[in-house]
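Residues per chain, in single letters:
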Amino acid sequence: MKIFFYDVAVPLPIRHCFTYKSDQLIRKGSRIVIPFGSRKLIGIIVKKIVPDEVIKKDKSIKYIDSVIDQFALFENSIFDTIIWASEYYHHPIGEVFQSFIPTSLRKAKTNIDIDESLVNNSIYEIEEVDKKFGLTSYQSKAVNRLSNLKGFKPALLYGVTGSGKTEVYLRLTEDLIKKKKSVLILVPEINLTPQLLKRFESRFKGEIGLYHSKQTPKKRLNTWLKAKFGKINIVIGTRSSILMPLKNLGLIIIDEEHDQSYRQSDGFKFSARDVGIKRAQEEKIPIILGSATPSLQTLRLVQEKKYKKIDMLTRVDGKAPPRLITMDINNSNMEGGIAEETVDAIKATLKKNEQVLIFINRRGFAPIFQCGQCGWVAECKSCDSNLVYHQNKNRLICHRCESAYLANNSCPECNKKDFYFHGTGTERIEEILSNTFLDTPIIRVDQDSTKKVGSMDKIIQDINSADAAILVGTQMLAKGHDFPKVTLSIILNADNGLISPEINALEKISQLLIQVSGRAGRNNNLAKVLIQTRYPDDINLNKIKTGDYLSFAMQCLSKNKKIGLPPYSAMCMLRCSSPTQKNNINFLNKAVRELNKKSDLSVIGPLPSLISKSKGNFRHNVYIQANQKSQLNRILKRLIKELSDWPESKKVKWTFDIDPIEIN
Ligand SMILES: [Zn+2]
Ligand SMILES: [Zn+2]
């Protein structure tokens, strides 16, 4: 009997594969059941190995119990992209595979029947009536140039807000569908999927796949299988769908490519945009990165002629974008973060029967709940963070771990009943405004008001069918949606972004301001964005105010080049957590000593995280910066080999955060 040997990835935080044997020839990427200690685990075949004499005679190598599916779960370019991602992000291989396996296939031994319903190709008929509006000259140029891309070609579709990027995506999809190819379209937020799906469904008669984490595991698996076996050729999804298996994939579209939601920050930390670019390279297909506020990373690659850039510089409606106006609030009367003058501007807008959008980057009522007598502040028991008061639920909620506490009637320290609130969240703004504008509908859009499936859809409908109204919301409101009746947008706390020490703070705040301005005033030349600020003379704010994102971003880019910041250097955080601070410090100090032996490396730390305690564990970081990605990669590889044997590393949980979006 011939015996084959395999490297197998197991779904555990272990950085190497395990060797197993079998008398069957098994394809790489297949799911198998293996004995692991006293457990049975589902592993993935990584490769067949040529055994030497030692391996052949090794009695401890166990047999694979069984092969689960008749097909490989991960094939070709997807398989290769996963291997690349595990190396690039220095993350345990089994966990990387695990994060791309549909949930229903992760544990239970689900048997898949490949029947007609999965295999028969959908026929997509084009609804010609849906194309009644002509394209702008920018749109038709973009469609022409993008549909001529051959092979691996990343292209930035730089379209100002309202320039009609979606129509370009629809035309390109039509072109590929006619060539019997598939298209994968990613958006940063689940909330943006319904409207995009609707646009695609009115253009194409045929099944369009949807894939995101709010769906049931059964639904997700269904889409995944139909895509894999050829029934579906168009899939719209969020970051978890970036490795969606699609037959004959012809194009990947990453809409709003600058959006930080493409970055997964828990567990396997990766950027779906960057994984998508790698996948396109493996598949030798074009990838389109769409944005009105492209990331510095993408702009650098455009500047170096590695990516193409296609411009759409006019709105579909031919109108100018809203003006950004700063409002100096240093001498203003404020209530809950809103200036008196702002309230007047709201009044004037409502009077004209138009809508107002108010952006504030915090949900809940107030971020600090304090005793007026003794100064006690409500804090989470397991995290180092203040509890946010949520008035609707009368609860104090930790925004890190979502623990909810009853809001006490009396102070736990001094027993007095004298609480007050600091700061402002969406709920508080909602309350203040509803006291002033008694008859105006106030619609709140945040994580709390959109929890239920379909609630965002309903909210959008309410907004569009209302006349005068005030929308109060977080990031959610700033992304992608069009609110044609909004003619005044207000940004309450832009200052946090202007003075933040984070590396990419200016990139983020400029993107936010331009994106918020893009939500408003479609079809209206008088729309404006009001930015409340205590720094009206801030040089950056005044540049952003011109509305010319691109030239501001190019200035940031050349500044970063001069001082060697990303995207002109490679950055990584070594993050660690454990129940004691000492364990963290001991481990990180040893890692720093090791790293300092290498030259050309900037190493800072160990430092406590901004939230230094989370879910009961202390968290500390070391910041590592190198000139080149390849250099950083080599150094980390060596470091991992060494530290895996340290007793100090056994006492903590450690991970690498490559290309981090936050460095605290
Ligand atoms: Zn007290
Ligand atoms: Zn907490």
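Calculation criteria
- Residues numbered from 1 in each chain as written.
- Chains lettered and ligands numbered in written order.
- Predicted model: local features only at pLDDT ≥ 70, side-chain atom pairs only at ≥ 80, totals over all residues.
- Heavy atoms only, no water.
- Salt bridge = Lys/Arg side-chain N within 4 Å of Asp/Glu carboxyl O.
- Helix = DSSP H or I, 4+ residues; strand = E, 2+ residues; numbered from the N terminus.
- Donors = N, O, S within 2.8 Å, 3.2 Å for Na, K, Ca; no water.
- Tetrahedral: all angles 85-135°; square planar, octahedral: opposite > 155°, others 65-115°.
- Buried < 20%, exposed > 50% of the residue type's maximum accessible area, 1.4 Å probe, protein only.
- Pairing = 2+ DSSP bridges.
- Axes fitted to C-alpha atoms, helices over the stretch in contact; angles between N-to-C directions.
- Contact = heavy atoms within 4.5 Å.
- Domains from an automatic or database assignment.
- Arc of directions from axis to C-beta.
- 1 Å grid on protein atoms, 1.4 Å probe; cavity = no way out; pocket = protein on both sides within 12 Å on 5 of 7 lines; lining within 4 Å.
- Points joined across faces, edges and corners; volume = space filled by probe spheres on them.
- Nonpolar A, V, L, I, M, F, W, Y, C, P; charged D, E, K, R; others polar.

J.: For this particular structure, what's the right way to read the pattern of salt bridges?
T.: Any two side chains of opposite charge can pair, on the condition that their charged atoms come close. With the rule as written, the count across this model stands at 37 salt bridges. With its nearest N and O atoms 3.1 Å apart, the salt bridge here joins Glu75 to Lys228. Pair noted here: Glu75 is in the loop between strand S5 (66-67) and helix H2 (76-88) and Lys228 is in helix H8 (residues 217-228), with a separation of 153 residues, a long-range link. For Glu430, the salt bridge is made with Arg444, and the minimal N-O distance between the two is 2.7 Å. With Glu430 in helix H12 (residues 426-436) and Arg444 in strand S24 (residues 442-445), this pair connects stretches of sequence that are 14 residues apart.

J.: Whenever I open this one, the coordination of the zinc ion (ligand 1) confuses me. Can you help?
T.: Expected angles at a metal are 109.5 degrees for tetrahedral coordination by four donors and either 90 or 180 degrees for octahedral coordination by six donors. At the metal site, the zinc ion (ligand 1) is ligated by Cys371 (SG), Cys374 (SG), Cys411 (SG) and Cys414 (SG), and these contacts range over 2.3 Å. In this structure, the zinc ion (ligand 1) is surrounded by 4 donor atoms whose angles at the metal cover 105 to 114°, and the resulting shape is tetrahedral. Positions of the donor residues of the zinc ion (ligand 1) along the chain correspond to the pattern C-x2-C-x36-C-x2-C. Of this pair, Cys374 sits in the loop between strand S19 (368-371) and strand S20 (388-390) while Cys414 sits in the loop between strand S22 (404-406) and strand S23 (419-422); the two residues are 40 residues apart in sequence, bridging distant segments of the chain. On the basis of relative accessibility, which here comes to 24%, the residue Cys414 falls in the partly exposed class.

J.: Please explain the sheet that holds strand S18 (residues 355-359) as it appears in this structure.
T.: Sheet strands line up and pair through hydrogen bonds in the backbone, either parallel or antiparallel. Judged by pairing direction, the sheet is parallel, and its 6 strands sit side by side in the order S15-S27-S26-S18-S25-S24 without closing on themselves. Looking at which strands have only one partner, the edges of the open sheet turn out to be strand S15 (323-328) and S24. For this sheet, the mean angle separating the axes of adjacent strands, direction not counted, is 20°. Two strands pair when backbone bridges link them, and S15 and strand S27 (residues 528-533) are joined in this way by 6 bridges, in the parallel orientation. Across the sheet, residue Ile325 finds its bridge partner in S27, namely Leu530. This element, H12, spans S18, S24 and strand S25 (469-473) of the sheet and lies at about 175° to S24.

J.: Whenever I open this one, the domain arrangement of the chain confuses me. Can you help?
T.: Bring the parts together and some accessible area is lost; that lost area is often taken as the interface size. The domain architecture assigned to the chain consists of domain 1 (4-105), domain 2 (116-312), domain 3 (323-366 + 423-559) and domain 4 (570-658). On a C-alpha basis, the centres of domain 1 and domain 3 stand 49 Å from each other.

J.: Just to check I follow, could you spell out helix H13 (residues 455-465) for this structure?
T.: Two residues of an α-helix separated by three or four positions point the same way, owing to the 3.6 residues in each turn. Looking only at H13, the buried set comprises Ser455, Met456, Ile459, Ile460 and Ile463. Projected down its long axis, H13 shows its buried positions confined to an angular sector of 140°, all on one face. In H13, those exposed residues whose orientation departs by more than 90 degrees from the buried face are Gln461 and Ser465. The elements touched by buried residues of H13 are S18, S24, S25 and helix H14 (475-478).

J.: Just to check I follow, could you spell out empty space enclosed by the protein for this structure?
T.: Rolled over the atoms, a probe with the dimensions of a water molecule shows which regions are left empty. Following the criterion strictly, the structure yields 2 cavities of 30 Å³ or more and no others. Empty space within the largest cavity amounts to approximately 70 Å³. Tyr88, His90, Ala570, Met571, Lys629, Leu632, Asn633, Leu636, Ile658 and Asp659 are the residues that line the largest cavity. Secondary structure elements with two or more residues in the lining of the largest cavity: strand S28 (570-578) and helix H20 (629-643). If one sorts the elements of the lining of the largest cavity by residue count, H20 sits on top with 4 residues. Taken together, the residues of the lining of the largest cavity break down into 6 nonpolar, 2 polar and 2 charged. Quantified by volume, the second largest cavity comes out at close to 60 Å³. Considering the residues around the second largest cavity, the lining is formed by Ala9, Val10, Pro11, Ile42, Gly43, Ile44, Gly94, Phe97, Gln98, Ile101, Leu105 and Arg106.

J.: What should I look at first to understand the sheet that holds strand S11 (residues 234-237) in this one?
T.: Taken together, the 7 strands give an open sheet; going across it, the order is S10-S11-S8-S12-S13-S7-S14, and neighbouring strands pair in parallel fashion. Each having just a single partner strand, strand S10 (209-211) and strand S14 (308-312) make up the two edges of the open sheet. Each strand axis lies, on average, 20° off the axis of its neighbour in the sheet, ignoring direction. By the bridge criterion, 5 bridges tie strand S7 (residues 154-159) to strand S13 (residues 287-291) in an arrangement that is parallel. Of the residues in S13, the one forming a bridge with Leu156 is Leu289. Docked against the sheet, H8 engages S10 and S11, running at close to 130° with respect to S10. Each of S7, S13 and S14 touches helix H10 (residues 296-303); the most contacted strand, S7, lies at about 115° to it.

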